[in-house]
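What follows is each chain in one-letter form.
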Amino acid sequence: MSSPQSASAGSAASASVPLFDISRQHQTLHAEIMAALERVCSSGQFILGPDVVELEKRTAEYCGVKHAVACASGSDALLLALMAYDVGPGDEVIVPSYTFFATASAVTRLGAVPVFVDIEADTCNLDAALVAARITPRTKAIIPVHLYGQCADMDVLRELAETRGIAVIEDACQAIGAGYRGKSAGALGDIACFSFYPTKNLGAYGDAGLMTTGDDALADKLKLLRGHGMRPRYYHQLVGINSRLDSMQAAVLNVKLPYLERWSDARRERAARYTAGFQACGVSDVVRLPVVRPERRHVWNQYVVHIADGRRDELRAYLAERKIGTEIYYPVPLHRQECFAHLGYGAGSLPVTERAAAETLALPIFPELTFDEQDRVVAAIADYYVAQSAPRAMLTGPNFLKLADGVRR
Ligand SMILES: Cc1ncc(COP(=O)(O)O)c(C=O)c1O
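All of these numbers come straight from a predicted model, not from anything done at the bench.

Scoring rules and cut-offs
Residues numbered from 1 in each chain as written. Predicted model: local features only at pLDDT ≥ 70, side-chain atom pairs only at ≥ 80, totals over all residues. Heavy atoms only, no water. Helix = DSSP H or I, 4+ residues; strand = E, 2+ residues; numbered from the N terminus. Rg over C-alpha atoms; globule rule 2.2 N^0.38 Å. Buried < 20%, exposed > 50% of the residue type's maximum accessible area, 1.4 Å probe, protein only. Domains from an automatic or database assignment. Contact = heavy atoms within 4.5 Å. Buried area = accessible area lost by both parts, 1.4 Å probe. Salt bridge = Lys/Arg side-chain N within 4 Å of Asp/Glu carboxyl O. Polar contact = N/O pair within 3.5 Å; in protein donor to acceptor, adjacent residues only side chain to side chain. Phe/Tyr/Trp six-rings, centres within 6.5 Å; stacked < 30°, edge-to-face > 60°. Lys NZ or Arg CZ within 6 Å of the ring centre and 35° of its normal. Near = heavy atom within 4 Å. Areas by Shrake-Rupley, 256 points an atom, 1.4 Å probe, with all protein chains shown as cover. Nonpolar A, V, L, I, M, F, W, Y, C, P; charged D, E, K, R; others polar. Pairing = 2+ DSSP bridges. Axes fitted to C-alpha atoms, helices over the stretch in contact; angles between N-to-C directions. Parallel < 35°, antiparallel > 145°, perpendicular 65-115°, else oblique. Left-handed = near helix turned anticlockwise from the far one by under 90°. Core = buried A, V, L, I, M, F, W, Y, C linked by side-chain atoms within 4.5 Å.

Student: Run through the overall build of the chain, naming residues and quoting values.
Tutor: The helix and strand tally for the chain stands at 14 helices and 13 strands. For 409 residues, the compact-globule estimate of 2.2 N^0.38 gives 22 Å, and the chain sits close to it at 22 Å. Considered along the principal axes of its C-alpha atoms, the chain spans approximately 75 × 55 × 35 Å. Counting the 409 residues in the chain, one finds 56% classified as buried.

Student: Summarise the domain arrangement of the chain; cite the residues concerned and give the values.
Tutor: Domain annotation of the chain identifies domain 1 (27-258) and domain 2 (260-406). On a C-alpha basis, the centroid separation for the pair domain 1 and domain 2 is 27 Å. On the side of domain 2, 33 residues touch domain 1, which itself brings 45 residues to the contact. Summing the contributions of domain 1 and of domain 2, the shared interface buries around 3500 Å²; its carbon and sulfur component is 55%. The three residues of domain 1 that bury the most area against domain 2 are Y98, Y148 and N201, which together make up 22% of that side's buried surface. On inspection of domain 1 and its partner domain 2, the count reaches 3 salt bridges. Among the ionic pairs, R293 bridges to E120, the shortest N-O distance being 3.5 Å. Inspection of the domain 1/domain 2 interface yields 29 residue pairs in polar contact (both at pLDDT 80 or more). Those elements that provide at least two residues to the side of domain 1 that touches domain 2 are α4 (102-109), β3 (113-117) and β6 (179-180).

Student: Describe the packing of aromatic side chains, with residues and values.
Tutor: Per the stated rule, a full pass over the model turns up 12 aromatic pairs. For the pair Y274 and Y303, a centre-to-centre distance of 4.8 Å together with 40 degrees between the ring planes defines the contact as tilted. Here Y274 is found in helix α9 (residues 260-281), whereas its partner Y303 is found in strand β12 (residues 303-307), with 29 residues between them in sequence. For the pair shown, Y274 and Y303 are each scored as buried. With 4.9 Å between their ring centres and 85 degrees between their planes, Y384 and Y385 make a pair best called edge-to-face. Taken together through their ring pairs, the aromatic side chains of F101, F116, F340 and Y345 make up a single cluster. Above the face of the F371 ring, R273 is positioned so that its terminal group lies 4.2 Å from the ring centre. The ring of Y318 carries the charged tip of R322 above its face, separated from the ring centre by 3.6 Å.

Student: Explain the site of the ligand to me, using residue names and the numbers behind them.
Tutor: Taken together, 14 residues are adjacent to the ligand, and G74, S75, D171, S195 and K200 come closest. One nitrogen or oxygen atom from the side chain of D171 is found 2.8 Å from a nitrogen atom belonging to the ligand. Summarising the interface, the protein chains cover 93% of the accessible area of the ligand, which totals 390 Å² for the free molecule. Elements with a contribution of two residues or more to the shell around the ligand: α3 (74-84) and α4. It is α3 that contributes the most residues to the shell around the ligand, 3 residues altogether. Here the shell around the ligand is built from residues that sort into 5 nonpolar, 7 polar and 2 charged.

Student: I'd like a description of the pattern of salt bridges, backed by residues and values.
Tutor: A complete count under the given rule lists 28 salt bridges for this structure. In this structure, R138 engages E92 in a salt bridge whose closest nitrogen and oxygen atoms are separated by 3.1 Å. Of this pair, R138 sits in the loop between α5 (128-131) and β4 (139-142) while E92 sits in strand β2 (residues 92-96), and the two are 46 residues apart along the sequence. Take R138: its relative accessible area is 46%, and that puts it in the partly exposed class. Overall, the relative accessible area of 12% leaves E92 in the buried class.

Student: Describe the sheet that holds β12, listing the residues and the values that go with them.
Tutor: Sheet architecture is open: 3 strands sit in the order β10-β12-β13, paired in antiparallel fashion. Edge positions in the open sheet fall to β10 (287-288) and β13 (360-363), since each of these has one partner strand only. This element, helix α10 (residues 312-321), spans β12 and β13 of the sheet and lies at about 25 degrees to β13.

Student: Go over the packing of α10 against helix α12 (residues 371-386), please, and point to the residues and values.
Tutor: Look at α10 against α12: their axes get within 10 Å of each other, and the N-to-C directions meet at 125 degrees. Here α10 lies oblique to α12, going by the angle between them. With respect to the hand of their crossing, α10 and α12 are arranged in right-handed fashion. Of α12, the residues touching α10 (which contributes E314, L315, Y318 and L319) are A380, I381, D383, Y384 and Y385. Within the contact of α10 with α12, the residues separate by chemical class into 7 nonpolar, no polar and 2 charged.

Student: Account for the side chain of T326, naming residues and giving values.
Tutor: You can see T326 is positioned in the loop between α10 and α11 (351-359). Residue T326 is classed as buried on the basis of its relative accessible area of 9%. In this structure the side chain of T326 is engaged in a polar contact, spanning 2.8 Å, whose partner is the side chain of R316.

Student: Before we move on, can you summarise the nonpolar core with the specific residues and values?
Tutor: Ranked by size, the top nonpolar core spans 88 residues in total, and within it L82, V131 and F196 carry the most contacts. Considering every element that reaches this core, the biggest residue donor is α3, with 8 residues. The next biggest cluster of nonpolar side chains, apart from the first, holds 31 residues, and it includes I328, I365, A380 and I381.

Student: How would you explain the sheet that holds strand β5 (residues 167-171) if you had to name every residue and give the values?
Tutor: The 7 strands are arranged β1-β9-β8-β5-β4-β2-β3 in an open sheet whose pairing can be described as mixed. Looking at which strands have only one partner, the edges of the open sheet turn out to be β1 (67-71) and β3. Geometrically, the sheet is characterised by an average inter-axis angle of 25 degrees between neighbouring strands, direction not taken into account. Packing of helix α2 (residues 49-63) onto the sheet brings it into contact with β1, β8 (191-195) and β9 (209-213), and relative to β1 it is tilted by some 135 degrees. Against the sheet, helix α7 (residues 216-226) contacts β1, β8 and β9, and its axis sits at roughly 15 degrees relative to β1.

Structure, rendered in C-alpha cells:
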C-alpha cells in the first residue's frame, strides 16, 4: 500500500483529489495480479473452475459462514437469492428506497412488488422500526442494505422476519468485512449478496458477485440457479440463469482478499481523520458527519456527509472547481424513479429518504488516499463555510495541519 504521507503540502493546492483511484491499488499489486491472470490463461479454464472454488472457500471463511456461491454480479446475487425463495408474482419484498437500483429491480424482474420503507436519518439504513407496519401476508422477504459499509439493524429485522416466516436477504454489496454484534456481514441473514464491482472495498477487474448462506439446501439451490438449473449436464432441474463467474475475476479477487483487512483499517483511519478534521474546523453543524452505531464495524465503502443548509449542490460545484471529486449516493430515491411511478409513491411519502437524497454528499475515501489529499478536502469545505468568519490561516495554515496531525493514529 502506498504511504499516506503528504507529498508536498505547499504545492498541492491545485492538484486534484479523486473520489476514487483504482490505479493506485493496481500499481502495488501489478505483478501478483498479472501472474494470476497469466496462470488462468495458461490453464484454459475460463469459467468457474479452481479459482472460483478457491474464492468461494476463502470468502465463506472470511465471512464466518458455511457456504459461498460466486456469480456474475451483485445484481445477479440479489436476483438469485430471491429466486432461491421462489419469489414471483403476488409476492412483496420490503426494501429501502435509498439504495442502488438493483436492490429493488431484482424484485420487479421476478414479477413481485418492492415495498419501499423509509430509512434512519443518521445511518441511511432501513428503519427497522417502520418495517413491521409494512408486512402483509404477501411479504416474502426483507432486503436490508448495509449502506456505505455499515450494517443495518439486523437483530430487530431478523426477529420480525422469524416470527412471520419471512426471509432476510442481506444486500451486503457495499459491506464486505463489515460487522454487527460480533458477526460479519454475510452471516447475518438467510442469504447475503456481495458485489465485487471495481469500486467496492474488494473490487474485481470487471463485474463479479457472490452469495453466502449457512443453509446447505439454499447453497445447493443457488449453485443450480446460477448455472441454468442444470444438473447433470443438459438436464435442467430448475429454470435458472447464466450467472457463472469467470476465472479471471476470481483470480484477481483471490490476490486481493488477503489485503482486505488492511484496506478496511486504512479506510477507518481516513474516516476518523475526516470526522476529527471537520469537528476541529467547526463546520460539523452544517456538515453533518456520518454516525457509527454501537456494536457495528463500519468498513467505509463511502464517507457520506449530510449538507444540512440546503446548499449541497453549490458546495459540490465549489469542490469540483477545486478538482475535488464527490458523488451523490443517491440523487433520486427508488420510489421516485420513473420506472416505479406505477407503484404510486408520491413526493413526501418517504420523507427521511427524500431529505437524504437532497443532502448527502460522498467525499473521497479509499485506502490509498493520502492524508494531504484528505486535508485539502476538509480545508476546501471549511473554506466554503467559514472563510468570512475565521482567518484563512486557521483553516489551511500550520494550525489546521496541527489539527490534522492530532487525528493521525
Ligand atoms: C447496495 C448495492 N446493491 C446492489 C449492487 C449491485 O451490484 P453490481 O454492480 O455488482 O451488480 C450494488 C453495486 O453498486 C450496490 O451498491
